[in-house]
Amino acid sequence: MKITLNGELLDLTSDALLEILKEYGAIAPYAVAVNGVFIPKSQHNGFVINEGDSIELLSPIQGG
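Residues numbered from 1 in each chain as written. Predicted model: local features only at pLDDT ≥ 70, side-chain atom pairs only at ≥ 80, totals over all residues. Heavy atoms only, no water.

Further remarks concern the sheet that holds strand β4 (residues 37–39). The strands making up a sheet associate through backbone hydrogen bonding, with each pair oriented either parallel or antiparallel. The 5 strands lie next to each other as β2-β1-β5-β3-β4, forming an open sheet whose pairing is mixed. Across the chains shown, the open sheet's two edge strands, defined by having one partner strand only, are β2 (8–11) and β4. The average angle at which neighbouring strand axes cross in this sheet is 30°, direction not considered. (Pairing = 2+ DSSP bridges. Helix = DSSP H or I, 4+ residues; strand = E, 2+ residues; numbered from the N terminus. Axes fitted to C-alpha atoms, helices over the stretch in contact; angles between N-to-C directions.)

What follows deals with unusual backbone geometry. Cis peptide bonds are those with omega within 30 degrees of zero, and the linkage from Ala-28 to Pro-29 qualifies with 5°. Mapping Pro-29 onto the fold places it in the loop between α1 (17–24) and β3 (31–34). We note that Asn-6 has phi near 50°; this positive angle belongs to a residue other than glycine. Position of Asn-6 relative to the elements: it lies in the loop between β1 (2–5) and β2. Phi is positive for Asn-35, close to 50°, though the residue is something other than glycine. Looking at where Asn-35 falls in the secondary structure, it is placed in the loop between β3 and β4. Judged by relative accessible area, Asn-35 falls into the partly exposed class, the value being 46%. (Buried < 20%, exposed > 50% of the residue type's maximum accessible area, 1.4 Å probe, protein only.)

Treat this as a map of the structure, not an account of what it does.
This is how it looks when you write it as structure tokens:
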């Protein structure tokens, strides 16, 4: 299955969002949007990704 994650084209075997994020190396805290729609953390575990979906993984940046 081909998806885009943060602009990078990936070919994955899993369709589970949480598994994809773990495989990508996501470290909490982060926010996730699929096809431009924010996905709450409470829904990450059961969320299914489809062929061609675009995932944006955003991590907070500290500074001042």
